[in-house]
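Chain by chain, the residues run as shown.
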Amino acid sequence: MCDQRKKCLTIESLNSSVKNVHYAVRGQIFIRAAELEKDIKRGEKHPFERVIRANLGDCHATGQKPITFWRQVMAICVYPKLLESNEFEKDSKERAMDLLSACRGKSIGSYTDSVGLEIVRIHVAEYIKKRDGGISCDPDNVFLTSGATGGIKIMLKMLLNGPNETPAGFMIPIPQYPLYSATISEYNAEKIGYYLDEDNNWSLSIEELERSYQESLKRCQPKAICIINPGNPTGQVLSLENMQQIVKWAYDKRLFILADEVYQDNVYAEGMKFHSFKKVAAELGYPYSQIEIASFYSTSKGFMGECGARAGYFEVVNMDEDVKAELKKLSSAQLCSSVLGQVCMDTIVNPPKPGEPSYELFMKEKQGVLSSLKEKAQLVTELLNKIDGIKCNPVQGAMYAFPQITIPPKAIQHAKENGMEPDMFYCLELINQTGICVVPGSGFHQRPGTYHFRTTILPPTDQIKSLLSKFEKFHVSFLKEWS
Amino acid sequence: MMYKANGNHCLTINSLSSTVKNVQYAVRGKVVIRAAELEKELKNGVSKPFERVIRANIGDCHATGQKPITFLRQVMAICAYPDLLEISDFPQDAKEKAKELLNACGGGSVGAYTDSAGLDIVRKHIAEFIKNRDAGISCDPDNIFLTTGASGGIKIMMEMLLNGPNETPAGFMIPIPQYPLYSATISEYNAEKIGYYLDEDNNWSLSIEELERSYQESLKRCQPKAICIINPGNPTGQVLSLENMQQIVKWAYDKRLFILADEVYQDNVYAEGMKFHSFKKVAAELGYPYSQIEIASFYSTSKGFMGECGARAGYFEVVNMDEDVKAELKKLSSAQLCSSVLGQVCMDTIVSPPKPGEPSYELFIKEKQGVLNSLKEKAQLVTELLNKIEGVKCNPVQGAMYAFPQITIPPKAIQHAKENGMEPDMFYCLELINQTGICVVPGSGFHQRPGTYHFRTTILPPTDQIKSLLSKFEKFHVRFLKEWS
């Protein structure tokens, strides 16, 4: 083959907005993990037998079992002849029939309305109403999406300013789940980072919100505040008082609240409770009850762990009707989200009821998962805090621990000389020496001068103990090597 | 506890970005909204001059009664509920395929995320499928990306081709008429559309003169980056000839354009003597230097003989992509994690179907041929019946799933429409649905030569319904012409 002329799409010609996108959860460490797994498969020797993936909130990948009721309903929807089988419960069959009847041609192969099947949205609205102590919810305010991710991306897009205007600014927590920073980069908008208070269990301080807001005014127009509760990576559950302060402050600043509430089922700490921002705002009464909110939920977390379904919803609260019409129009070009994903969502928001054949097994499985997560949250917090040079806030909710680590100055120096963040260097050493795959805190952002990493709490309990024991040995030897 | 918004919103239609407001997607536009209203009214017992709404607006096969492929659904069901390996009497090959796919999933579950590009095994099977289709031209699984429908792939590739915020806007050549995802996405991305008219008098072919004209015109307002080509065509239904494709590749190569080849209807070729050729194969067979042209080819589970629109599953293959750019593409996809795992399973059964001798093979072939024969029959029937109607002229439906007839609209009706702030064919289609319940999409939604009017109808309803539909349509058209003469 002769000399090739330069391609028309090269790294130089690639749009800078794309180049600025970073998603640490599937970043450098993750790529290294895949390389190591391939090495081990080929029989290459490493100081460990296998890679332990503690980088991603993926429950089934670490052995969690799916909820039987949902999988039965899904199977019947896929293959309706199973309605004649004796192997499925009556309520699974009835539920599948209801959902199939709602599909055009009675097939999950048909497109649905862009906002999602009406029957599912009605059930989502009932679920929300019940969750929030009776505050009404209109199904017309519910949108079914490709994971919560799909909803978050579309709402961020709706809040952008036009091409020749001051860029829109989005307040995001530091540390945050990097979908937010990645999408803001992609959309060429402005990030307004507000530090969570590590010394006060990762709470939101109004002083800090005000500081970051004021600083941003010279470079953008703040349009929204993104809040993740329960927190990712930080694992805190916000107190009611803190939430009330936030709502009042955001209302005064005319900010739209983007409430990432995907971990609302994952609350473990005694005395802590999930409150939706919708409920908090409503109960504050006028004028705060008028604040505009979008709340995101997903089938990927909770007790379901159906990440592969790519199913989520968001509820808009107090949205202008004309804007809602534009939102529906914007969603329509992508047609609709996965119909089986919508079916999955339905079984989650409208689960078996007492007395129904699937109820007991359903409750057993649900409680089993949640108890196990609670146990693991406590265990991980405890074991991490026992290690010298490691300090971890309690994992009150969600699926992660975000411990702070002390990295010796020599290691920091070495990392910088090699063009990497010190905690990236730490995590690469960790995976190369032990096979443990976690995500460096720099991927989520953190207070300058502090270093963290995010690990999930998902591996089975016995593996957690062994994992943390390996980790401790590594940490001790790392400190020694770099002192 | 209810609270009411008092109109003091921070997000209003005025504060909404113009790029969002400029997005239009006619396939689910005004006429479709009207269809939903009419369906509700009929359900509530309101009397109408018709019994039901006939939705011929969207390429959704199952919605009009097409049956799913049994093997595909058996494999998906087992993957959803692996107990079926023991408790069902599904054929052995369906069970083997499901086991293979489950083993590839984290924790053996379709509930686990996959790699962002999709399951390795599915991408391998796709690469083999492509190689077989293209007479042995090799395909690297690393060039395959599994996406949320073809739509997901098209959006990400267009994003990759944008210019930076302070640069000349990127321009995308798009056919007129085109499937409006392209124009909608270009608006959304604040890029520039470069429309090239398809030649209606020559069976919707691409004339190089026209490509050149539109390209030259665009240079003052943007930097042309890519040419989008839909083959077989949507809404136009043509299948490009090999010669036409060779001309296009050579021209695009000279202009340094990336080819975005929407090939989702590659299984839907009906006309005698016509054949699907992939742009990849055409370019490869032209040899150096044209074989170096950069291409992305899109495919979906929604069309073909499968019609699994609800799976939201697709793939795209990149050809001759710079390796560093590919790494950026992988990075960009990673933030959305992955596409639906059962969708990936669905794709696998399509590209790696039962083989002769396997238990499911006979039924599979019977079902596949049944669907394709039926579509072929309907394509011919619709073309024929539309061309019998005075004032309606339709190019042959050689492929895909739509007819795009040209209609003459009387000047008085055109005037009336404009006075009411709508496109004449939008007015025509609204009259059509209000009088007959037939829901089609006005040509203005796909764009068309100024002064011409069209609409797009699918060819999907059952054959007997098509005859009745076209008979109703004919009566409406005659009446409409009379009323507005």
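Further up the page is the structure itself.
Residues numbered from 1 in each chain as written. Chains lettered and ligands numbered in written order. Predicted model: local features only at pLDDT ≥ 70, side-chain atom pairs only at ≥ 80, totals over all residues. Heavy atoms only, no water.

Trainee: What should I look at first to understand the packing of helix H2 (residues 30-43) of chain B against helix H16 (residues 424-436) of chain B in this one?
Mentor: Each pair of packed helices gets described by two things: the angle between the helix axes and the distance between those axes. Residue and element names in this part refer to chain B. Across the interface, H2 lies against H16 with an axial gap of 10 Å and an inter-helix angle of 15°. What the angle tells us is that H2 and H16 run roughly parallel. In the crossing of H2 with H16, the sense of the turn from one axis to the other is right-handed. Only Met426, Cys429, Leu430, Ile433 and Asn434 of H16 make contact with H2, whose side of the interface consists of Lys30, Val31, Arg34, Ala35 and Leu38. Here the residues of the contact of H2 with H16 are counted per class, giving 7 nonpolar, 1 polar and 2 charged. (Axes fitted to C-alpha atoms, helices over the stretch in contact; angles between N-to-C directions. Helix = DSSP H or I, 4+ residues; strand = E, 2+ residues; numbered from the N terminus. Parallel < 35°, antiparallel > 145°, perpendicular 65-115°, else oblique. Left-handed = near helix turned anticlockwise from the far one by under 90°. Contact = heavy atoms within 4.5 Å. Nonpolar A, V, L, I, M, F, W, Y, C, P; charged D, E, K, R; others polar.)

Trainee: When you look at helix H14 (residues 361-388) of chain B in this model, what are you seeing that I'm missing?
Mentor: All names here are of chain B. Compared with the 40 Å implied by 1.5 Å per residue over 28 residues, the 41 Å span of H14 between its first and last C-alpha is a close match. For H14, the set of buried residues is Phe364, Glu367, Val371, Leu372, Leu375, Lys378, Ala379, Leu381, Val382, Thr383 and Leu386. Elements in contact with the buried residues of H14: helix H3 (70-80), strand E9 (392-393), strand E10 (402-403) and helix H17 (463-483). (Expected span 1.5 Å × (residues − 1). Buried < 20%, exposed > 50% of the residue type's maximum accessible area, 1.4 Å probe, protein only.)

Trainee: Just checking my understanding: could you explain the interface of chain A and chain B for this structure?
Mentor: One frequent convention defines the size of an interface as the accessible area lost when the parts assemble. Opposite the 105 residues of chain A that make contact, chain B presents 101 residues. Taken together, the two surfaces of chain A and chain B that pack against each other cover about 8,600 Å², and 56% of this comes from carbon and sulfur. By the criterion of area lost to chain B, the three top residues of chain A are Arg5, Leu9 and Tyr111 of chain A, representing 9% of everything that side buries. On inspection of chain A and its partner chain B, the count reaches 1 salt bridge. Glu188 of chain B is the salt-bridge partner of Lys157 of chain A, the closest N and O atoms lying 2.7 Å from each other. Linking chain A with chain B are 43 residue pairs in polar contact (both at pLDDT 80 or more), by the criterion used here. Classifying every residue of the side of chain A that touches chain B by side-chain character gives 44 nonpolar, 34 polar and 27 charged. (Buried area = accessible area lost by both parts, 1.4 Å probe. Salt bridge = Lys/Arg side-chain N within 4 Å of Asp/Glu carboxyl O. Polar contact = N/O pair within 3.5 Å; in protein donor to acceptor, adjacent residues only side chain to side chain.)

Trainee: I keep staring at the sheet that holds strand E8 (residues 312-317) of chain A and nothing clicks. Help me out?
Mentor: To summarise the sheet geometry, strands pair through backbone hydrogen bonds and adopt either a parallel or an antiparallel arrangement. Residue and element names in this part refer to chain A. The strand order E2-E8-E7-E6-E5-E3-E4 describes an open sheet built from 7 strands, whose pairing is mixed. Each end of this open sheet is capped by a strand with a single partner; those strands are strand E2 (142-145) and strand E4 (190-195). Taking each pair of neighbouring strands and ignoring which way they run, the sheet shows an average axis angle of 25°. Note: strand E7 (residues 293-298) against E8, 6 bridges, orientation antiparallel. Across the sheet, residue Ile293 finds its bridge partner in E8, namely Val317. With respect to the sheet, helix H8 (residues 206-216) is in contact with strand E3 (168-174), E4 and strand E5 (221-228), its orientation differing from that of E4 by roughly 155°. (Pairing = 2+ DSSP bridges.)

Trainee: Help me understand the sheet that holds strand E4 (residues 192-197) of chain B in this model?
Mentor: Residues and elements named next belong to chain B. Spatially, the 7 strands line up as an open sheet ordered E2-E8-E7-E6-E5-E3-E4, and their pairing is mixed. The sheet is open, and its two borders are formed by strand E2 (144-147) and E4, each paired with just one other strand. Taking each pair of neighbouring strands and ignoring which way they run, the sheet shows an average axis angle of 25°. Examined bridge by bridge, strand E5 (residues 223-230) and strand E6 (residues 258-262) share 5 bridges and lie parallel to one another. Among the inter-strand pairings, Cys228 is bridged to a residue of E6, identified as Leu260. Contacts between helix H11 (residues 279-286) and the sheet are confined to E5, E6, strand E7 (295-300) and strand E8 (314-319), with E7 contributing the most and set at about 150° to the helix. Sheet strands in contact with helix H13 (residues 341-351) are E2, E7 and E8, and its direction is about 95° off that of E7.

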